[in-house]
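# Breakdown of the fold
What follows is each chain in one-letter form.
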Amino acid sequence: MRVVIAGGHGKIALLLERLLADRGDEVVGLVRNPAHVDDVTAAGARAVVCDLEAASVEEVAAHLAGADAVVFAAGAGPGSGIPRKDTVDRGAAVLLADAATAAGVRRYVQISSINADAAPATETDDVFGAYLRAKKAAEDDLRARPLDWTILRPGRLTDDPPAGTVRLAPKVDGGAVSRADVAAVLVALLDTPASIGAVLELVGGDTPIDQAVAAAV
Ligand SMILES: NC(=O)c1ccc[n+]([C@@H]2O[C@H](COP(=O)([O-])OP(=O)(O)OC[C@H]3O[C@@H](n4cnc5c(N)ncnc54)[C@H](OP(=O)(O)O)[C@@H]3O)[C@@H](O)[C@H]2O)c1
């Protein structure tokens with residue numbers, strides 16, 4: 001499988017690149033900072049420098065040519081303000097969907113956030129509220145498209161080692177999940193066509209990942 005990951009130097013993205021590359025998939029990571037190319041290469045992927053707040057649909061589409069799937073793993077990050085929640089968490093996700101459409105790539109797996117559906121309905125000065133609104137807007141955009149999409153809403157992310165077990169369902173109580181387990185769930189979702197059209201929340205739990213994905217879809 002050829003997979004293009006937007007936000008290729010993110011913590012989840014680097015773990016996902018390693019998992020996919022180790023089993024023989026061809027992986028491309030889109031990074032905005034040229035200094036991040038070596039890390040992505042070390043994770044087993046091919047790095048392409050592409051700023052998703054500046055690139056055109058045509059530029060991104062050219063990077064997606066021949067891909068079987070795209071994964072949106074970018075994010076403005078905890079230090080960013082309200083404007084970049086819109087330009088990255090919403091805008092870059094929409095750009096990736098536009099580019100996937102233009103490139104004829106149907107499969108799109110989006111990392112959203114738990115509680116995106118509880119985003120404030122109107123604009124807010126609160127950065128976290130703006131983040132949830134951006135995630136919700138990105139979800140709404142993707143859900144309206146005739147793409148083979150899956151939306152994954154992780155809970156609070158940790159850098160703990162992989163547990164290999166999770167709780168995955170359309171609605172779960174809040175909680176934390178390791179980025180390593182999120183990466184493993186993303187691999188399982190990519191491998192599971194029945195997850196197309198699913199919106200799934202993810203936290204730590206007791207169910208082995210393959211079983212959790214099979215049960216959730
Ligand atoms: N933190 C949480 O508890 C939590 C919970 C649920 C969901 N999430 C979501 O999970 C996803 C991944 O999380 P993570 O911790 O792996 O994220 P991360 O380590 O912060 O990685 C995000 C990546 O997006 C990249 N990015 C930002 N702007 C970009 C642009 N204009 N063009 C290209 N790439 C750009 C960043 O690159 P730079 O290094 O160049 O900025 C960074 O490599 C995010 O969507 C996040 O919102 C987070």
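About the thresholds
Residues numbered from 1 in each chain as written. Predicted model: local features only at pLDDT ≥ 70, side-chain atom pairs only at ≥ 80, totals over all residues. Heavy atoms only, no water. Pairing = 2+ DSSP bridges. Helix = DSSP H or I, 4+ residues; strand = E, 2+ residues; numbered from the N terminus. Core = buried A, V, L, I, M, F, W, Y, C linked by side-chain atoms within 4.5 Å. Buried < 20%, exposed > 50% of the residue type's maximum accessible area, 1.4 Å probe, protein only. Contact = heavy atoms within 4.5 Å. Right-handed = clockwise from strand over helix to strand, strands pointing away. Near = heavy atom within 4 Å. Polar contact = N/O pair within 3.5 Å; in protein donor to acceptor, adjacent residues only side chain to side chain. Areas by Shrake-Rupley, 256 points an atom, 1.4 Å probe, with all protein chains shown as cover. Nonpolar A, V, L, I, M, F, W, Y, C, P; charged D, E, K, R; others polar. Axes fitted to C-alpha atoms, helices over the stretch in contact; angles between N-to-C directions. Parallel < 35°, antiparallel > 145°, perpendicular 65-115°, else oblique. Left-handed = near helix turned anticlockwise from the far one by under 90°. Expected span 1.5 Å × (residues − 1). Arc of directions from axis to C-beta.

### Remarks on the sheet that holds strand β6 (residues 148–154)
What the nine strands build is an open sheet, ordered β3-β2-β1-β4-β5-β6-β10-β8-β11; its pairing is mixed. Here the strands that pair on one side only, and so sit at the sheet edges, are β3 (46–49) and β11 (207–208). In this structure, strand β4 (residues 69–72) lies alongside strand β5 (residues 107–111), joined through four bridges in parallel fashion. By the bridge assignment, Val 70 is partnered in β5 with Tyr 108.

### Some remarks on the nonpolar core
In this structure, Ile 5, Leu 152, Leu 168 and Val 185 are the most contacted members of the largest nonpolar core, which totals 35 residues. Ignoring anything within four residues of it in the chain, the contact list for Ile 5 reads Ala 13, Leu 16, Glu 17, Leu 20, Val 27, Val 28, Gly 29, Leu 30, Val 71 and Ala 73. Within the second largest apolar cluster, 32 residues are counted, among which are Ala 6, Val 70, Leu 142 and Trp 149.

### Some details on the pairing of β4
Alternating positions in β4 separate into two faces, Ala 69 and Val 71 on one and Val 70 and Phe 72 on the other, with burial throughout. Of the pairings in the sheet, the one linking strand β1 (residues 2–6) to β4 comprises four bridges and is parallel in character. Within β4, the position partnered with Ile 5 by the bridge is Val 71. Viewed along the sheet, the connection from β4 through helix α4 (residues 82–103) into β5 turns out right-handed.

### Focus on the site of the ligand
Among the 27 residues in the neighbourhood of the ligand, the closest are listed as Arg 32, Glu 53, Ala 74, Tyr 131 and Lys 135. The separation between an oxygen atom of the ligand and a polar main-chain atom of Leu 157 is 3.0 Å. Protein burial of the ligand: of its 920 Å² of free accessible surface, 83% is covered by the chains. Looking at the shell around the ligand, the elements with two or more residues in it are α1 (11–22), α4, α5 (127–143) and β7 (156–158). With three residues, α4 is the largest single contributor of residues to the shell around the ligand. Taken together, the residues that form the shell around the ligand break down as 10 nonpolar, eight polar and nine charged.

### Overview of the side chain of Arg 153
In this structure, Arg 153 sits in strand β6. Among residues more than four places away in sequence, those in contact with Arg 153 are Ser 112, Ser 113, Ile 114, Ala 116, Asp 117, Glu 139, Arg 143, Val 199, Leu 200, Glu 201 and Leu 202.

### Quick notes on the packing of helix α6 (residues 179–190) against helix α7 (residues 209–216)
Put simply, α6 and α7 touch, their axes get as near as 10 Å, and they point 55° apart. It follows that α6 is oblique to α7 by the angle criterion. Of the two elements, α6 crosses α7, and the hand of that crossing is right-handed. Contacts from Asp 181, Ala 184, Val 185, Ala 188 and Leu 189 in α6 reach Ile 209, Asp 210 and Val 213 in α7. Among the residues forming the contact of α6 with α7, the class breakdown is six nonpolar, no polar and two charged.

### Thoughts on the environment of Ala 99
Mapping Ala 99 onto the fold places it in helix α4. A residue is classified by how much of its surface remains accessible, and Ala 99, at 0% relative accessible area, is buried. Considered as a pair, Ala 99 and Asp 140 are 41 residues apart in the sequence and their alpha carbons are 17 Å apart. When near neighbours in sequence (up to four residues on either side) are disregarded, Ala 99 contacts Val 57, Val 60, Ala 61 and Leu 64.

### Observations regarding α6
An α-helix turns once every 3.6 residues. As a result, residues three or four positions apart point the same way. When the terminal C-alpha atoms of α6 are compared, their 16 Å separation across 12 residues agrees well with the 16 Å that a helix rising 1.5 Å per residue should span. Within α6, 11 of the 12 residues are buried, leaving the element largely enclosed by the surrounding structure. Arg 179, Ala 180, Asp 181, Val 182, Ala 183, Val 185, Leu 186, Val 187, Ala 188, Leu 189 and Leu 190 are the residues of α6 that are buried.

### Examining α7
Every buried residue of α7 is accounted for by Ile 209, Ala 212, Val 213 and Ala 216. An end-on view of α7 places all buried positions within 95° of arc, on one side of the element. Opposite the buried face of α7, at more than 90 degrees from it, the exposed residues are Asp 210, Gln 211, Ala 214 and Ala 215. Residues of α7 that are buried sit in contact with β8 (165–169), α6, β10 (199–204) and β11.

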